[in-house]
Amino acid sequence: AYPTKKIPELCDTEPASRSSATPRVTKHETSGTMSGEGKTIGLLGGTGNTGKHFLQKALDAGYVVRALVRTPSKVAAKSDNLTLVQGSFDDTDKIKEVIEGCDYVVCMAGSMGDPKKHPAGMFLGLVKALHPIMREA
């Protein structure tokens, strides 16, 4: 299992309630101070209702962000610290490209709308693929 640690600049210390949209932040190593400067976040799901806000907050805090996005034109955030990787949750090579060498991996994938808009099993497939990819990264 991977240790889970909040990024202080990006997460409330005591969320009012936990829902599927609440960010879960996973860090491979927990040593060192937590500051945006020089730290990289691999972001999955950066264009959705919650992900777009997390992305902007991370950039504002000084993090370098590599985000997997299906449609780069949907990303409103602009920054020299932002790299967009065009791909989908079922493209393991693109997921590897996003998380390789990151200090943090943040998965904001989810659907708050019509589940028929996404292929059946897409999110479960992402979770199943992500675990072994993180072991390699």
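Residues numbered from 1 in each chain as written. Predicted model: local features only at pLDDT ≥ 70, side-chain atom pairs only at ≥ 80, totals over all residues. Heavy atoms only, no water.

**Digging into helix 2 (residues 92-99)**
Test applied: For every residue, the accessible area obtained with a 1.4 Å probe (protein chains only) is divided by the maximum for its type, and the residue is called buried under 20%, exposed over 50%, and partly exposed between those limits. Numbering goes from the N terminus for both helices and strands, where a helix is a DSSP run of H or I of at least four residues and a strand is a run of E of at least two. Each C-beta atom gives one direction from the helix axis, and the arc is the one those directions make.
Every buried residue belonging to helix 2 is among Ile95, Val98 and Ile99, and all of these are buried. Looking straight down helix 2, one finds that the buried residues subtend no more than 85° of arc, so they occupy a single side. Once helix 2 finishes, glycine 101 follows within two positions and takes phi at roughly 75°, a positive value.

**Some remarks on the confidence of the model for the protein**
Heads up, the rule is: Confidence of the predictor in every single residue is expressed as pLDDT, which spans 0 to 100. Working rule for contacts: check all heavy atoms of both residues, and any pair within 4.5 Å makes them a contact.
Mean pLDDT over the protein works out to 77, with 65% of the residues at or above the 70 mark. Per-element mean pLDDT across the protein ranges from 43 in strand 1 (residues 25-27) up to 97 in strand 4 (residues 82-86). Contacts of residues 13-34 to residues separated by more than four positions or lying in other chains number 45 contacts, the stretch itself having pLDDT below 50.

**Regarding the packing of aromatic side chains**
Quick note on the threshold: A pair of Phe, Tyr and Trp rings is counted when the ring centres sit within 6.5 Å of each other, with Trp represented by its six-membered ring. The angle between the planes then sorts it: under 30 degrees is stacked, over 60 is edge-to-face, the rest tilted.
Scanning all chains against the criterion turns up 1 aromatic pair. An angle of 80° between the planes, with centres 6.3 Å apart, marks the rings of tyrosine 63 and tyrosine 104 as edge-to-face. Taken together, the residues span a long stretch of sequence, with tyrosine 63 in the loop between helix 1 (51-60) and strand 3 (64-69) and tyrosine 104 in strand 5 (residues 104-107) at a distance of 41 residues.

**Brief notes about the pattern of salt bridges**
For the record, the criterion: Salt bridges are identified by distance alone: a Lys or Arg side-chain nitrogen within 4 Å of an Asp or Glu carboxyl oxygen.
In the structure shown here, the tally under the stated rule is 2 salt bridges. A salt bridge links lysine 94 to glutamate 97; the nearest nitrogen and oxygen atoms lie 4.0 Å apart. Note that lysine 94 and glutamate 97 are positioned in helix 2 at a spacing of 3 residues, about one turn of the helix. The partly exposed category is assigned to lysine 94, whose relative accessible area is 26%. By relative accessible area, glutamate 97 is classed as partly exposed at 42%. Two residues, glutamate 136 and lysine 96, come together in a salt bridge whose shortest N-O distance is 3.7 Å. Of this pair, glutamate 136 sits in helix 3 (residues 122-136) while lysine 96 is found in helix 2, placing the two residues 40 residues apart along the sequence. A residue is classified by how much of its surface remains accessible, and lysine 96, at 30% relative accessible area, is partly exposed.

**Details of the nonpolar core**
This is how it is decided: To define a nonpolar core, start from buried Ala, Val, Leu, Ile, Met, Phe, Trp, Tyr and Cys residues and group those joined through side-chain atoms within 4.5 Å.
Counting residues in each nonpolar core, the largest one holds 16 residues, and the members touching the most others are Ile41, Leu43, Phe54, Leu55, Val65 and Leu82. Elements with a minimum of two residues in this core: strand 2 (40-44), helix 1, strand 3 and strand 5. Ranked by the residues each element gives to this core, the list is headed by helix 1, at 4 residues. Look past the residues within four positions of leucine 82 in its chain and what remains in contact with it is Leu55, Leu59, Val65, Ala67, Val75 and Ala77. Counting 13 residues, the second-largest nonpolar core is a separate cluster that includes Leu44, Leu126, Ala129 and Met134.

**Notes on helix 1**
Every buried residue belonging to helix 1 is among Gly51, Phe54, Leu55, Ala58 and Leu59, and all of these are buried. Viewed end-on, helix 1 has its buried residues packed into an arc of 130°, placing them on one side of the element. Exposed side of helix 1, more than 90 degrees from the buried face: His53 and Asp60 are the residues found there. Considering only its buried residues, helix 1 is in contact with strand 2, strand 3, strand 4 and strand 5.

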